[in-house]
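Structural description and commentary
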Amino acid sequence: MTLGRMQRQQIQELCTSYAPTFSATPGLTERAYHSIDTGNAHPSRVQPYRVSPQAKTAIEREIQDILQMGVICPSESAWASPVVLVPKPDREIRFCVDYRKLNAVTRPDNYPMPCTDELLEKLGRDQFISTLDLTKGYWQVLLDESAKERSAFTTHLGLYEFNVLPFGLRNAPATFQRLVDGLLAGLGEYAVAYFDDVAIFSDSWADHLEHLQKVLERIREAGLTVKAKKCQIGLNRVTYLGHQVGQGTISPLQAKVDAIQKWPVPKSKKQVQSFLGLTGYYRLFVPHYSQIAAPLTDLTKKKQPNAVQWTEKCQKAFNKLKATLMSDPVLRAPDFDKPFLVTTDASERGVGAVLMQKGPDQEFHPVVFLSKKLSERESNWSVTEKECYAIVYALEKLRPYVWGRRFHLQTDHAALKWLHTVKETNKKLLRWSLALQDFDFDIQHISGASNKVADALSRESFPESTG
């Protein structure tokens, strides 16, 4: 159902009355201050990384821009974190501060994060929904005086510190969630927020206009701004936290099970073994697993040729095992009161990951399956770069589940245990490491033999190497 002419006009008039609130320039609120508690830790001071003349020019331009915006100011702090300029996929340069040493001595803020499934349940039952995305959310929050000192960063131009909350600081998600929870206090019957994503939901059009106006008024009063390009206003169904919601339905995006649904028919013994490795990991939850999988298991015997002879029995077993992975008792809905486990892996041509969680039986069940084929350029990366990319890809896809929550991440590539301390010698790894600063996790190394699910997903649908 699309909005009528009168409804579109009403939305336009409402948004026009709040035009200054819809701005690409971040606002500034005094309703929240971010602090950095480092206890008795001594100030850490890291020398500026060496950069090329072109990078120096880019740093100078960025410093000038954010100085004019009031985002930073000159500093005399005893703390100093280095600046890193890293290329974005669109070839632009991103200005980053490497806060890993500061984060390591920062005490955690355990403010509770919202329960995603509860937010979705509220949205899903209503007919009209709007979502608002706060502009450069963190930059709209002030730092307290001690935090400003600790946020200091060093460049060839000198030492500067932030006036507002920068990206990459530990506890930034907790501070921002506390702010938006306070912003929407008393409006919980029709408005929720997951960090900088605010959602307004109503059962009637008249109510929706009133609810949207009340939320916009709260945002304006707080001195915050909203990025118009990312807003969804007055729709029947919206994309929110990785789901399609609205008109009484909640549908997970297909990525949750696409990796299983699109799994192709194996053409070789090795591909059959990969599929059995995935399904066999969850055999405990599949009654009569051995009998179901028998036609496929027979294809992996030594006497069988590498090119498999696919029969009707093989197809039935294949279909049944795939269907089992996508339904109870294997696949489970997430429980946001329990910790998550993410496992990742990379093969020559792809990356794979699975989000898991312990069920009442104290066994790990999958929540989301992920896989992605690497491009020709990505296929030429080193093993370490591929394994690191598997982590970056997985966490970006799983952000609604794990952002702002402590979780474990498992990989069978031991070198990635040092991901948090990678130096500037590999710009790609450094960029990815800094991109993960907002996530609160620890890396655990596991053997390849124990990482069958992610390993199988990383090889799913990709042709085997002949080299």
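Here, every reference points to the structure presented above.
The rules behind the values
- Residues numbered from 1 in each chain as written.
- Predicted model: local features only at pLDDT ≥ 70, side-chain atom pairs only at ≥ 80, totals over all residues.
- Heavy atoms only, no water.
- Pairing = 2+ DSSP bridges.
- Helix = DSSP H or I, 4+ residues; strand = E, 2+ residues; numbered from the N terminus.
- Axes fitted to C-alpha atoms, helices over the stretch in contact; angles between N-to-C directions.
- Contact = heavy atoms within 4.5 Å.
- Buried < 20%, exposed > 50% of the residue type's maximum accessible area, 1.4 Å probe, protein only.
- Polar contact = N/O pair within 3.5 Å; in protein donor to acceptor, adjacent residues only side chain to side chain.
- Parallel < 35°, antiparallel > 145°, perpendicular 65-115°, else oblique.
- Nonpolar A, V, L, I, M, F, W, Y, C, P; charged D, E, K, R; others polar.
- Core = buried A, V, L, I, M, F, W, Y, C linked by side-chain atoms within 4.5 Å.
- Expected span 1.5 Å × (residues − 1).
- 1 Å grid on protein atoms, 1.4 Å probe; cavity = no way out; pocket = protein on both sides within 12 Å on 5 of 7 lines; lining within 4 Å.
- Points joined across faces, edges and corners; volume = space filled by probe spheres on them.
- Patch = residues over 30% accessible without salt bridge, like charges linked within 9 Å, V, L, I, M, F, W, Y side chains within 5 Å.
- Areas by Shrake-Rupley, 256 points an atom, 1.4 Å probe, with all protein chains shown as cover.
- Salt bridge = Lys/Arg side-chain N within 4 Å of Asp/Glu carboxyl O.
- Lys, Arg positive; Asp, Glu negative; His and termini not counted.
- Charge placed at Lys NZ, Arg CZ, Asp CG, Glu CD.
- Arc of directions from axis to C-beta.
- Phe/Tyr/Trp six-rings, centres within 6.5 Å; stacked < 30°, edge-to-face > 60°.
- Lys NZ or Arg CZ within 6 Å of the ring centre and 35° of its normal.

1. Here's the deal with the sheet that holds strand 11 (residues 232-235)
Adjacent strands of a sheet pair through backbone hydrogen bonds, lying either parallel or antiparallel. Read across the sheet, four strands follow the order 9-10-5-11 without closing on themselves; strand pairing throughout is antiparallel. Each edge of the open sheet is held by one strand with a lone partner, namely strand 9 (191-194) and strand 11. On average, adjacent strands in this sheet sit at an angle of 15° to one another, irrespective of strand direction. For strand 5 (residues 128-133) and strand 10 (residues 197-202), the ladder comprises six bridges, and the chain directions are antiparallel. Considered in strand 10, the bridge of Asp 133 is made with Asp 197. Against the sheet, helix 7 (residues 205-221) contacts strand 5, strand 9, strand 10 and strand 11, and its axis sits at roughly 150° relative to strand 10.

2. Concerning the side chain of Thr 38
Relative to the helices and strands, Thr 38 is located in the loop between strand 1 (29-34) and helix 2 (53-69). Given a relative accessible area of 4%, Thr 38 falls into the buried group. At 3.0 Å, the side chain of Thr 38 and the side chain of Arg 150 are in polar contact. With sequence-adjacent residues up to four places away left out, Thr 38 is seen in contact with Trp 79, Leu 102, Val 105, Thr 106 and Arg 150.

3. Description of the packing of helix 9 (residues 269-281) against helix 10 (residues 289-298)
Relative orientation of the contacting elements helix 9 and helix 10 amounts to 170°, with a least axis distance of 11 Å. Compared by their axis directions, helix 9 and helix 10 come out roughly antiparallel. Where helix 9 abuts helix 10, its residues Val 272, Phe 275, Leu 276, Thr 279 and Gly 280 lie against Tyr 289, Ala 293, Leu 296 and Thr 297. Tallied by class, the residues present in the contact of helix 9 with helix 10 amount to six nonpolar, three polar and no charged.

4. Comments concerning the nonpolar core
Leu 132, Val 215, Tyr 240, Leu 395 and Val 402 are the most contacted members of the largest nonpolar core, which totals 108 residues. By residue number, the principal contributor to this core is helix 13 (residues 383-397), which donates eight residues. Those residues in contact with Val 215 that sit more than four places away from it in its chain are Leu 132, Leu 184, Leu 187, Tyr 190, Ala 191, Val 198 and Ile 200. Counting residues in each nonpolar core, the second largest holds 30 residues, with Ala 259, Leu 278, Ala 293 and Val 330 among its members.

5. Comments concerning helix 6 (residues 172-183)
For the α-helix, the turn length of 3.6 residues means that residues three or four positions removed from each other point alike. For helix 6, which comprises twelve residues, the first-to-last C-alpha distance of 17 Å matches the rise-based estimate of 16 Å (1.5 Å per residue) to within 8%. Here helix 6 lies mainly inside the structure; nine of its twelve residues are buried. Every buried residue belonging to helix 6 is among Ala 172, Pro 173, Ala 174, Thr 175, Phe 176, Gln 177, Leu 179, Val 180 and Leu 183, and all of these are buried. Next to the buried residues of helix 6 lie strand 1, strand 6 (141-143), strand 9 and helix 7.

6. Some details on the sheet that holds strand 18 (residues 407-411)
If you trace the five strands from one edge of the open sheet to the other, you get 17-16-15-18-19, paired in mixed fashion. Two strands bound the open sheet, and with one partner strand each, they are strand 17 (364-373) and strand 19 (441-445). When the angles between neighbouring strand axes are averaged without regard to direction, this sheet yields 20°. Where strand 15 (residues 341-346) lies against strand 18, four bridges are found, and the strand directions are parallel. By the bridge assignment, Thr 343 is partnered in strand 18 with Gln 410. In the packing of helix 16 (residues 452-459) onto the sheet, the strands contacted are strand 15, strand 16 (350-358) and strand 17, and the crossing angle to strand 16 comes to about 145°.

7. Thoughts on the layout of surface pockets
By volume, the second largest pocket amounts to about 770 Å³. Forming the boundary of the second largest pocket are 32 residues, of which Arg 170, Arg 406, Phe 439, Asp 440 and Phe 441 lie nearest the centre. Counting only elements with at least two residues in the lining of the second largest pocket, the list comes to helix 3 (100-104) and helix 6. Among the elements that line the lining of the second largest pocket, the one with the most residues is helix 3, at three residues. Per-class residue counts for the lining of the second largest pocket are 16 nonpolar, seven polar and nine charged.

8. Side note on a positive patch on the surface
Positive charge collects at one region of the surface, where Lys 136, Lys 227, Lys 229 and Lys 230 lie side by side. Topologically, Lys 229 is positioned in the loop between helix 7 and strand 11.

9. Some words on the pattern of salt bridges
Across all of its chains, the model carries 13 salt bridges by this definition. A salt bridge links Lys 372 to Glu 378; its shortest N-O distance comes to 3.5 Å. The exposure class of Glu 378 is buried, given its relative accessible area of 9%. For the salt bridge of Asp 442 with Arg 406, the shortest nitrogen-to-oxygen distance reads 3.7 Å. A residue pair is termed long-range when its members are at least 10 positions apart, and Asp 442 in strand 19 and Arg 406 in the loop between helix 14 (399-402) and strand 18 qualify at 36 residues.

10. Focus on helix 10
Burial in helix 10 covers these residues: Tyr 289, Ile 292, Ala 293 and Leu 296. The arc enclosing the buried residues of helix 10, seen along the axis, measures out at 85°, which places them on a common side. Those residues of helix 10 that are buried lie in contact with helix 9 and helix 11 (312-325).

11. Notes on the packing of aromatic side chains
In this structure the tally under the stated criterion is 15 aromatic pairs. Feature note: the residues Tyr 138, Trp 139, Phe 167 and Phe 176 constitute an aromatic cluster, connected by ring pairs. The aromatic ring of Trp 139 is capped on one face by Lys 136, whose charged end is 5.4 Å from the ring centroid. Against the face of Trp 403 rests Arg 399, its NZ or CZ located 4.8 Å from the ring centre.

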